[in-house]
Amino acid sequence: MTQDRVNVTIDGVPVAVPKGTSIIEAAKQAGVLVPHYCYHPSLPSPAVCRMCLVEVEKAPKLMPACVTTVAEGNVVHVNSPAAKEARESVLEFLLINHPLDCPICDQAGECELQDYVFQEGRANSRYGEFAKRYNPVEDFGPDVLYVANRCILCTRCVRFMEDVAGEPVLNVSERGDRAYIGIDPDHTLTHPWSGNVVDLCPVGSLISKDFLHKARAWDLDKTASVCPGCTQGCNIMIDTRDDVVVRLRPRANLDVNRHFICDEGRADYRWMNRGDRVEAPLRRDGSKLVPTDWEHAIARFAELAKSVRSVTILASGRASTEALGYLRKAFDGASVSAAVKVPTGSEAPLAGVPNLALRTERIPNLAGALLAGFGTDWDRTVAGAGASDLVVLLDVELDDAVAKLISAKTVIIATVDDDRAGGAALVLPTTTMAEENGTYVNRDGRVQRYFQAKAAPGMARPTWWIAAQLAEVGRGVAAPTTAAAAFAGLGKTIPALAGLSYSELGHTGRLVEVTAGAAR
Amino acid sequence: MSAATHGSHAEAPYQPVFVGASREKLEALFPKYPTKQAVLLPALWIVQEGRGWIPPEGIAEVAAVLGLTPAYVRGVATFYTMYHLHPVGRHFIQVCGTSPCHLCGSDDVLHAILKETGCGELGATSPDGRFTVTEVECLGACGFATPVIIDDDFHDSVTPERVPGILARYP
Amino acid sequence: MGYPHPSHPKETVVLSKYFGDAEARTYPGWVKRGGYEALKKALGMTPDAIIEELKASGLRGRGGAGFPTGLKWSFMPKGDGKPHYLVCNADESEPGTFKDREIMRWTPHQLIEGCAIAAYAIGAETCYIYIRGEFTEPWKVMSRAVDDAYANGALGGNVFGSGKRIDMVLHRGAGAYICGEETAMMNSIEGRRGNPRIKPPFPAQAGLFGMPTTINNVETLAATSPILLRGAAWYKGLCLGNPKSTGTKLFSVCGHVMKPGNYEITMGFPMNDLIHDLAGGMRPGRRLKAVIPGGSSVPIMTAAEAEASLCDYEGIIEKGSMLGSAGFIVMDDSADIVYEIYRLAKFYAHESCAQCTQCREGTAWTTKILERILKGQGKREDLDLLLDLSDKMTGRTICVLSDSCAAPIVSGIKKFPEEFDAYLSRAKAPALATVG
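All of these numbers come straight from a predicted model, not from anything done at the bench.

### Thoughts on the overall build of chain C
Looking only at helices and strands, chain C has 19 helices and 11 strands in total. A compact globule built from 436 residues should have a C-alpha radius of gyration of about 22 Å, and chain C, at 22 Å, falls within 12% of that. Counting all 436 residues of chain C, 65% fall into the buried class. Across chain C, the fraction of contacts at a sequence separation of at least 24, relative to all contacts at a separation of at least 6, is 71%. Surface summary for chain C: the accessible area is close to 13,900 Å², and the carbon and sulfur share equals 55%. Each charge sign in chain C was given a centre, from 50 positive and 48 negative side chains, and these centres are 2 Å apart.

Below is the structure:
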């Protein structure tokens with residue numbers, strides 16, 4: 001393989017990179033960031049911002065690091081005086097027409113123009129009294145505003161729509177310093193993946209209406225997660241401010257979603273902030289449900305589960321692999337009929353990225369459910385539930401069909417407080433995926449971790465914890481105390497996960513073989 | 001002589017350009033290029049020749065016949081200064097003003113034309129809708145200063161004195 | 001009109017021999033003058049032999065860069081099975097340059113013949129001639145000539161019975177100086193914005209429609225038929241001492257001369273004679289002040305530099321500028337250097353494609369500073385600022401439009417500091433009115 005590698009030195013750091021690697025990517029390998037605007041690893045490179053000019057020894061002039069491929073023996077200087085001076089001048093040119101409205105700009109704090117100017121820009125402008133270019137703010141579509149004055153014409157948005165989404169609804173209009181990003185009023189950013197232009201924009205020019213003036217970037221806590229919207233399993237960041245989820249953004253995973261998420265996934269976070277939550281375990285006392293503590297609640301659950309011959313488990317497809325696995329395991333020995341509900345919608349692929357789409361199955365953990373022994377024949381499982389000795393409902397919507405099942409032999413593990421739960425024996429508060437650590441298995445069998453992004457309300461506990469406690473109290477099986485331990489324990493009953501650990505999954509996940517479990 | 005001699009087109013409902021002879025003209029272009037997109041500049045010319053300018057509906061029509069999006073077509077059209085994306089007078093006048101012509105008195109020619117047409121200022125259309133006057137960059141006829149293009153006619157060596165006589169040919 | 005002028009005895013007329021001869025525009029008229037013999041001869045030669053002949057002639061690109069033509073043709077791959085394209089650059093837009101226009105107006109078949117020879121030599125079956133949108137008259141003349149060439153078998157599926165196919169398509173530009181840059185021109189033909197492309201890949205590898213492509217200027221292509229007919233040695237002999245610059249070249253002379261026009265002279269001809277003799281010199285009572293010789297994209301020359309320079313690629317470099325497209329903008333002592341430089345900067349700001357930061361912002365910013373100076377509001381530090389910005393606009397962008405804007409500014413400030421000083425010291429009245 002060594003003949004396919006090229007040895008280069010970047011800012012004194014020697015690296016060997018595959019032939020054909022750009023200087024900018026080789027520099028990443030050397031731990032050197034080459035400042036840039038138009039370059040993006042998931043887009044074709046136009047080399048127009050000229051920010052990434054670097055000094056390559058023996059080259060007659062500064063070279064754009066984004067489109068210059070490394071050659072054997074290259075000695076590259078990213079932080080030499082010449083390269084820094086070039087960047088400083090690009091920043092000065094960019095700033096002459098850029099408003100100083102950082103105090104009201106949503107991008108402030110995560111703005112690449114702000115960052116680089118702070119890092120290596122001029123302390124003052126020489127532009128003087130000339131007027132800055134002015135264009136009004138434009139509505140670019142359902143969730144996107146274009147603040148033309150902040151635009152640095154990097155064209156990432158245009159290239160995304162043209163080369164990745166395959167729907168060129170944005171353009172560069174006019175020429176010279178009159179240029180701006182244009183749109184046809186009848187064809188706005190309605191493509192199901194168009195929200196990515198907001199993330200791609202390195203400055204505050206394309207901004208999300210949903211996020212508009214909601215929070216300052218420095219007030220946000222960012223948590224790595226996995227989109228719960230469909231079986232694709234796009235990697236995301238959950239951004240919270242004071243424990244409230246304010247936006248979802250894509251997190252890079254070149255094997256799953258590159259740098260993108262769809263608009264449906266991006267917008268679907270408000271349920272994470274619902275206030276109408278079950279905050280304490282509730283147990284039946286005569287005709288009423290009354291609050292109790294976990295010790296009593298688990299004891300009651302164990303009592304209900306004791307010596308049942310048949311159990312029906314109806315679960316949400318948003319439940320973690322850990323939740324489903326431990327819940328299923330808690331009833332080993334009984335005849336278990338288990339299903340997850342799989343809502344569907346139309347598929348929406350992102351044309352320019354292979355194997356990336358908003359998937360028909362709008363749940364994140366279908367494969368995990370199959371591994372854990374859950375089936376997908378929801379209606380038949382619901383219809384047959386009446387004959388079971390015990391029915392466990394995990395975070396499912398209490399629609400008419402399900403509500404009809406609720407009796408003194410029903411345990412509801414719930415996130416949302418619902419009046420219809422009134423007839424159950426127990427209602428146990430659990431966490432949403434935003435409030436716990438866990439894993440989902442995507443449609444390709446990639447096991448991916450998500451991290452707790454916000455505090456759980458009241459006494460809510462992860463479902464795996466509830467199920468493990470049940471097994472410990474009921475059958476003397478030692479319960480894990482952390483999500484990591486819970487995941488490690490899953491391998492005992494789910495062979496595909498044997499030997500895996502959270503640390504091994506890392507931030508990009510691991511592929512496993514997915515075969516349907518026993519409880520089909 | 002003058003293909004782009006169209007005055008009032010304000011309220012009339014849009015009629016497609018690519019029908020009849022214009023359609024044939026367009027179709028004849030396709031075999032000359034390996035892609036349909038390459039016919040974009042010629043197609044925009046056909047719209048402008050037919051309408052005197054390129055209205056938004058014309059952009060949409062070009063996009064439709066070439067399998068492009070209107071945004072794409074507009075992005076390209078705005079790059080080229082000779083496409084009129086706004087209505088112009090019956091006769092469109094371009095006066096060179098780049099250095100070689102400026103040295104030879106193009107300013108005087110321009111002022112004479114602005115005065116004679118009644119346009120008053122650059123980019124404006126005369127009140128009678130007859131002329132629109134613009135100053136343009138180098139027309140590639142610097143040895144024959146000052147060149148003036150009226151519609152599709154190239155007039156070189158224009159002096160302020162010649163202006164009334166030349167304009168009289170454009171009713 | 002005063003043009004075409006009768007040729008001056010000091011001219012060496014090859015390309016311009018039939019300028020003004022209306023009959024030469026027609027197919028039979030061109031054939032009567034020996035036209036299309038070169039193409040017939042070429043079709044009997046191997047492409048390699050033609051390329052060798054061109055190399056031996058020393059012909060260099062007449063569009064501005066001066067790259068050896070035969071060498072450029074030799075870069076085209078052979079036997080690659082892909083379609084090859086020839087593009088003729090007839091987007092003549094460089095301020096001060098108006099030679100290609102005359103070649104097309106008077107001798108369209110000379111160009112068609114040259115294009116056909118080149119297409120055959122590089123293995124192309126299609127030649128696109130990109131004519132700038134403003135050239136309405138050359139367009140009409142060329143359209144008719146192409147039709148006639150087809151009708152007479154000089155173009156089409158079986159050129160002069162050789163079995164070779166050569167198609168020629170005229171493509172009309174629509175107002176964009178930058179489309180004269182070869183990669184921008186390819187984008188424009190493809191129906192895109194005329195944005196220059198990053199090189200590599202070079203056109204000979206992946207050019208028009210992604211295929212191997214050669215782009216040559218009108219004058220370069222027109223020169224190929226006389227070279228093939230009369231031989232490389234003859235052409236190479238048209239040289240006044242500098243073997244790197246051979247043949248004849250059309251020099252466009254405009255601005256403050258008595259007889260502006262195109263003059264065809266042998267490479268190495270004294271610039272002093274071109275300006276003061278051929279072009280008729282200055283108006284009575286006027287003296288030469290400055291010359292921008294290469295079209296506007298090159299450094300400005302002082303009168304002394306210009307009068308001592310030779311008209312060829314190396315000779316002009318020696319005197320501090322470049323030959324470029326050989327469009328001479330001549331200024332006498334009535335010219336306001338600051339204003340003309342401002343007017344050129346404004347031109348580049350208007351024509352910048354908007355891709356590269358330095359160019360998009362720099363051309364507009366430098367224009368504003370020059371405008372401020374002309375309004376009598378200039379500051380002393382404006383000159384340093386202009387020089388610094390120009391430096392930062394040079395050598396850092398995809399194409400050289402930005403550099404072209406900087407060249408007259410830097411040379412103007414260095415060579416004519418007193419002209420700037422007159423405005424900065426308020427000794428001279430503002431040339432531009434202050435609004436508001």
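### A word on the overall build of chain A
Broken down by element type, chain A carries 14 helices and 25 strands. Considered along the principal axes of its C-alpha atoms, chain A spans approximately 80 × 55 × 35 Å. Within the span of chain A, comprising 520 residues, buried residues form 58% of the whole. Put simply, of all contacts in chain A between residues at least 6 apart along the chain, 64% involve residues at least 24 apart.

### Points about the interface of chain B and chain C
Residue-level contacts link 45 residues of chain B with 57 residues of chain C. For the pair chain B and chain C, the summed buried area comes to about 3,900 Å², and 58% of that belongs to carbon and sulfur atoms. Per-residue buried area on chain B facing chain C is highest for F79, L103 and E137 of chain B; these three make up 18% of the total on that side. Here chain B and chain C share 5 salt bridges between them.

### Quick notes on the domain arrangement of chain C
Residue and element names in this part refer to chain C. Examined at the domain level, chain C breaks down into domain 1 (22-236), domain 2 (238-332) and domain 3 (337-424). Here the C-alpha centre of domain 2 lies 26 Å away from the C-alpha centre of domain 1. Each side of the interface is counted separately: domain 1 has 22 residues, and domain 2 has 27 residues. Interface of domain 1 and domain 2: buried area, both sides summed, is about 1,800 Å²; carbon and sulfur atoms make up 48% of it. Summed over the three residues of domain 1 that lose the most area to domain 2, namely R60, R62 and F98, the buried surface amounts to 30% of that side. Between the two partners, domain 1 and domain 2, sit 2 salt bridges. Among the salt bridges present, the one from R60 reaches E314, with a minimum N-O distance of 3.0 Å. Linking domain 1 with domain 2 are 24 residue pairs in polar contact (both at pLDDT 80 or more). A class-by-class count of the residues in the side of domain 1 that touches domain 2 yields 7 nonpolar, 8 polar and 7 charged.

### Some words on the sheet that holds strand β4 (residues 213-217) of chain C
Residues and elements named next belong to chain C. Across the sheet, 4 strands lie side by side as β3-β2-β1-β4; this open sheet has parallel pairing. With one partner strand each, in any of the chains shown, β3 (167-172) and β4 form the two edges of the open sheet. Within the sheet, the average angular offset between the axes of one strand and its neighbour, ignoring direction, is 20°. Of the strand pairs in this sheet, strand β1 (residues 84-90) and strand β2 (residues 124-131) are connected by 7 bridges, and their pairing is parallel. Following the sheet pairing, A90 is matched in β2 by I131.

### A closer look at helix α5 (residues 99-106) of chain C
A large share of α5 of chain C lies buried, amounting to 8 of its 8 residues. For α5 of chain C, the complete set of buried residues consists of K99, D100, R101, E102, I103, M104, R105 and W106 of chain C.

### A closer look at the pattern of salt bridges
Residues and elements named next belong to chain A. Under the definition given, this model contains 76 salt bridges over all chains. Among the ionic pairs, D199 bridges to R249, the shortest N-O distance being 3.2 Å. Here D199, found in helix α5 (residues 196-200), pairs with R249, found in strand β13 (residues 244-250); they are 50 residues apart in sequence, far enough to count as distant. The exposure class assigned to R249 is buried, which follows from its relative accessible area of 19%.

### Some points on the packing of aromatic side chains
Geometry of an aromatic ring pair is reported as the spacing of the ring centres plus the angle between the planes. Per the stated rule, a full pass over the model turns up 28 aromatic pairs over all chains. On the numbers, 5.0 Å between centres and 65° between planes, the contact of F79 of chain B with Y80 of chain B is edge-to-face. A single burial state applies to F79 of chain B and to Y80 of chain B, both of which are buried. Ring plane angle 75° and centroid distance 5.9 Å describe the contact between Y36 of chain C and F160 of chain C, whose orientation is recorded as edge-to-face. On the criterion of sequence distance, the pair formed by Y36 of chain C in the loop between α1 (27-32) and α2 (37-43) and F160 of chain C in the loop between α7 (136-151) and β3 is long-range, its members being 124 residues apart. Cluster of aromatic residues (ring-pair linked, three or more members): F93, Y127 and F130 of chain A together with W365 of chain C. Residue placement shows R318 of chain A over the ring face of W271 of chain A; its charged tip is 3.6 Å from the ring centre. Across from the ring centre of Y313 of chain C, 3.9 Å away, lies the NZ or CZ of R60 of chain C, which sits over that ring.

### Regarding the environment of A149 of chain C
All names here are of chain C. Tracing the backbone shows A149 in helix α7. In the structure, A149 is positioned 37 residues away from I112 in sequence and 8.0 Å away in space, judged by C-alpha atoms. Filtering out sequence-adjacent residues up to four positions away, A149 remains in contact with Y27, Y36, H109, I112, A154 and L155.

### Description of the sheet that holds strand β1 (residues 5-10) of chain A
All names here are of chain A. One open sheet accounts for 5 strands, arranged β2-β1-β5-β3-β4; its pairing is mixed. Taken across any chain shown, the strands that pair with only one partner, and hence form the sheet edges, are β2 (13-18) and β4 (63-64). Strand contacts of helix α2 (residues 81-96): β3 (53-56) and β5 (75-77), with the helix running at about 165° to β3, the strand carrying the most contacts.

### Considering the interface of chain B and chain A
Across the boundary between the two partners, chain B contributes 10 residues, which contact 11 residues of chain A. Between chain B and chain A, the buried area comes to about 880 Å², and carbon and sulfur atoms account for 57% of it. It is A71, T78 and F79 of chain B in chain B that bury the most area against chain A; as a group they hold 46% of the surface buried on that side. Here chain B and chain A share 0 salt bridges between them. Our enumeration of links across chain B and chain A arrives at 4 residue pairs in polar contact (both at pLDDT 80 or more). A class-by-class count of the residues in the side of chain B that touches chain A yields 5 nonpolar, 4 polar and 1 charged.

### Comments concerning a nonpolar patch on the surface
Residues and elements named next belong to chain C. Residues F67, L71 and F75 make up a contiguous nonpolar surface patch of roughly 260 Å² in combined accessible area. Relative to the elements of secondary structure, L71 occurs in helix α4 (residues 69-74). By relative accessible area, L71 is classed as partly exposed at 32%.

### What about the packing of helix α16 (residues 357-374) of chain C against helix α17 (residues 381-392) of chain C?
The geometry of a pair of packed helices is captured by two quantities: the angle between their axes and the separation between those axes. Residue and element names in this part refer to chain C. As a packed pair, α16 and α17 sit with axes 10 Å apart at the nearest point and diverge in direction by 160°. Relative to α17, the element α16 is oriented roughly antiparallel. By crossing handedness, the relation of α16 to α17 is classed as left-handed. On α17, the residues touching Q358, W365, T366, I369, L370, R372 and I373 of α16 are D382, L383, L385, L386, L389 and K392. Among the residues making up the contact of α16 with α17, the classes are represented as 8 nonpolar, 2 polar and 3 charged.

Calculation notes
- Residues numbered from 1 in each chain as written.
- Chains lettered and ligands numbered in written order.
- Predicted model: local features only at pLDDT ≥ 70, side-chain atom pairs only at ≥ 80, totals over all residues.
- Heavy atoms only, no water.
- Helix = DSSP H or I, 4+ residues; strand = E, 2+ residues; numbered from the N terminus.
- Rg over C-alpha atoms; globule rule 2.2 N^0.38 Å.
- Buried < 20%, exposed > 50% of the residue type's maximum accessible area, 1.4 Å probe, protein only.
- Contact = heavy atoms within 4.5 Å.
- Areas by Shrake-Rupley, 256 points an atom, 1.4 Å probe, with all protein chains shown as cover.
- Lys, Arg positive; Asp, Glu negative; His and termini not counted.
- Charge placed at Lys NZ, Arg CZ, Asp CG, Glu CD.
- Buried area = accessible area lost by both parts, 1.4 Å probe.
- Salt bridge = Lys/Arg side-chain N within 4 Å of Asp/Glu carboxyl O.
- Domains from an automatic or database assignment.
- Polar contact = N/O pair within 3.5 Å; in protein donor to acceptor, adjacent residues only side chain to side chain.
- Nonpolar A, V, L, I, M, F, W, Y, C, P; charged D, E, K, R; others polar.
- Pairing = 2+ DSSP bridges.
- Axes fitted to C-alpha atoms, helices over the stretch in contact; angles between N-to-C directions.
- Phe/Tyr/Trp six-rings, centres within 6.5 Å; stacked < 30°, edge-to-face > 60°.
- Lys NZ or Arg CZ within 6 Å of the ring centre and 35° of its normal.
- Patch = residues over 30% accessible without salt bridge, like charges linked within 9 Å, V, L, I, M, F, W, Y side chains within 5 Å.
- Parallel < 35°, antiparallel > 145°, perpendicular 65-115°, else oblique.
- Left-handed = near helix turned anticlockwise from the far one by under 90°.

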